[in-house]
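# Fold and contact review
Chain by chain, the residues:
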Amino acid sequence: MSRYAHLEPKLVGEISGKFIVKAYQRGYRWDDSQVLAMLNDIWQNGNNPYCLQPVVVRRIDDDIYELIDGQQRLTTLLILLKYIQQEYKPRVTIQYTLSYETREKTAEFLDRINSESAEDNIDFFYIYKAYKTIDEWFKTLSSKNNKDIEVADDIFGYLNKNVKVIWYEVSEDVDPIALFARLNIGKIALTNAELVKAMFLMNAGR
């Protein structure tokens, strides 16, 4: 059986299912600069195709996945989508959820990010901090002759039509802990051939 069962570029708006971050991974830790870098890249690319780094998953059940790599990106994207939903577009549907094995009620907190629970643990603190960073970014952008609701509409549109991740779904027999270690301590990287294949697939889908 091949190492990777499935490889494709996937629009953020097409990501669906329940993603579980197992205990061998650290929690959410992106700082302001990393959140802002993603926001600015998405905004500046606008209606042009834009591809984020890989998301590596292993299927557990029909729509349940173990998230092996890319949890910081996927969590930040979820926080951004939740911000847009809570502040501007309450009727939009978000098709995926995230839960951390080491933190109870992470999925619930991500569903309704709030200051009251932000001090419950370090992961909630960073999630709420990212939410506030997104809020400040929106306010800064809307003060530059952009209406904030228009910014929300544009960003939501980009995520559904232009912004993709390189989606790696590994075979069920792959050892997720060993793969996580290899991806994150530099022993192996996702190969150039695999990334080139993903880019060809992305270009063919434009």
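Keep in mind that what you see is a predicted model, and the values were worked out from it rather than measured.

### Considerations on the overall build of the chain
Counting its secondary structure elements, the chain contains seven helices and six strands. Put simply, the chain runs from its N terminus to its C terminus through helices and strands in the order β-β-α-β-β-α-β-α-α-α-β-α-α. A total of 206 residues make up the chain; the buried ones form 49% of that total. Excluding contacts between residues fewer than 6 apart, the proportion of contacts in the chain whose partners are at least 24 apart in sequence is 77%. In the form shown here, the chain has an accessible surface area of approximately 10600 Å², with 46% of it arising from carbon and sulfur atoms.

### Some thoughts on helix H5 (residues 148-161)
Quick reminder: α-helices carry 3.6 residues per turn. Residues three or four places apart thus point the same way. Taking 1.5 Å as the rise per residue, H5 with 14 residues should run 20 Å; its terminal C-alpha atoms sit 20 Å apart, in good agreement. Looking at H5, one finds that the buried residues are Val 151, Ala 152, Ile 155, Phe 156, Gly 157, Tyr 158 and Leu 159.

### Examining unusual backbone geometry
Notably, Lys 105 is not glycine yet its phi reads approximately 70°, a positive angle. The topology assignment puts Lys 105 in the loop between strand S5 (96-100) and helix H3 (106-111). Residue Lys 105 is classed as exposed on the basis of its relative accessible area, which comes to 59%.

### Let's talk about the environment of Tyr 100
If you trace the backbone, Tyr 100 turns up in strand S5. Not counting chain neighbours up to four residues away, the residues in contact with Tyr 100 comprise Val 21, Arg 26, Gly 27, Tyr 28, Gln 71, Thr 75 and Thr 106. Among the polar contacts made by the side chain of Tyr 100, one reaches the side chain of Thr 75 at a distance of 2.9 Å.

### Describing the pairing of strand S6 (residues 163-170)
Taken across its eight residues, S6 has eight buried, putting it largely inside the fold. Burial along S6 is two-sided: the face carrying Val 163, Val 165, Trp 167 and Glu 169 and the face carrying Lys 164, Ile 166, Tyr 168 and Val 170 are both buried. Where strand S3 (residues 50-61) and S6 come together, seven bridges link them in parallel fashion. In the strand pairing of S6, Val 56 is matched with Tyr 168.

### Digging into the pattern of salt bridges
Counted by the stated rule, this structure contains 11 salt bridges. We note a salt bridge from Glu 8 to Lys 10, for which the minimum N-O separation is 3.9 Å. One salt bridge connects Arg 58 with Glu 66, and the closest N-O pair in it is separated by 3.0 Å. Just as Arg 58 is buried, Glu 66 falls in that class too. Beyond isolated ion pairs, a larger network of salt bridges with shared partners links Arg 29, Arg 103 and Asp 123.

### Quick notes on the nonpolar core
Generally speaking, soluble globular proteins have nonpolar side chains that are buried together. Ranked by internal contacts, the top residues of the largest apolar core, which has 50 residues, are Phe 19, Ile 42, Ile 79, Tyr 96, Phe 138, Ile 155 and Leu 159. Other than its neighbours up to four places away in sequence, Leu 159 contacts Leu 11, Val 12, Gly 13, Ile 42, Leu 77, Leu 80 and Leu 81. Core analysis: the second largest hydrophobic core is formed by 10 residues, Tyr 168, Leu 179, Phe 180 and Leu 183 among them.

Thresholds applied
Residues numbered from 1 in each chain as written. Predicted model: local features only at pLDDT ≥ 70, side-chain atom pairs only at ≥ 80, totals over all residues. Heavy atoms only, no water. Helix = DSSP H or I, 4+ residues; strand = E, 2+ residues; numbered from the N terminus. Buried < 20%, exposed > 50% of the residue type's maximum accessible area, 1.4 Å probe, protein only. Contact = heavy atoms within 4.5 Å. Areas by Shrake-Rupley, 256 points an atom, 1.4 Å probe, with all protein chains shown as cover. Expected span 1.5 Å × (residues − 1). Polar contact = N/O pair within 3.5 Å; in protein donor to acceptor, adjacent residues only side chain to side chain. Pairing = 2+ DSSP bridges. Salt bridge = Lys/Arg side-chain N within 4 Å of Asp/Glu carboxyl O. Core = buried A, V, L, I, M, F, W, Y, C linked by side-chain atoms within 4.5 Å.

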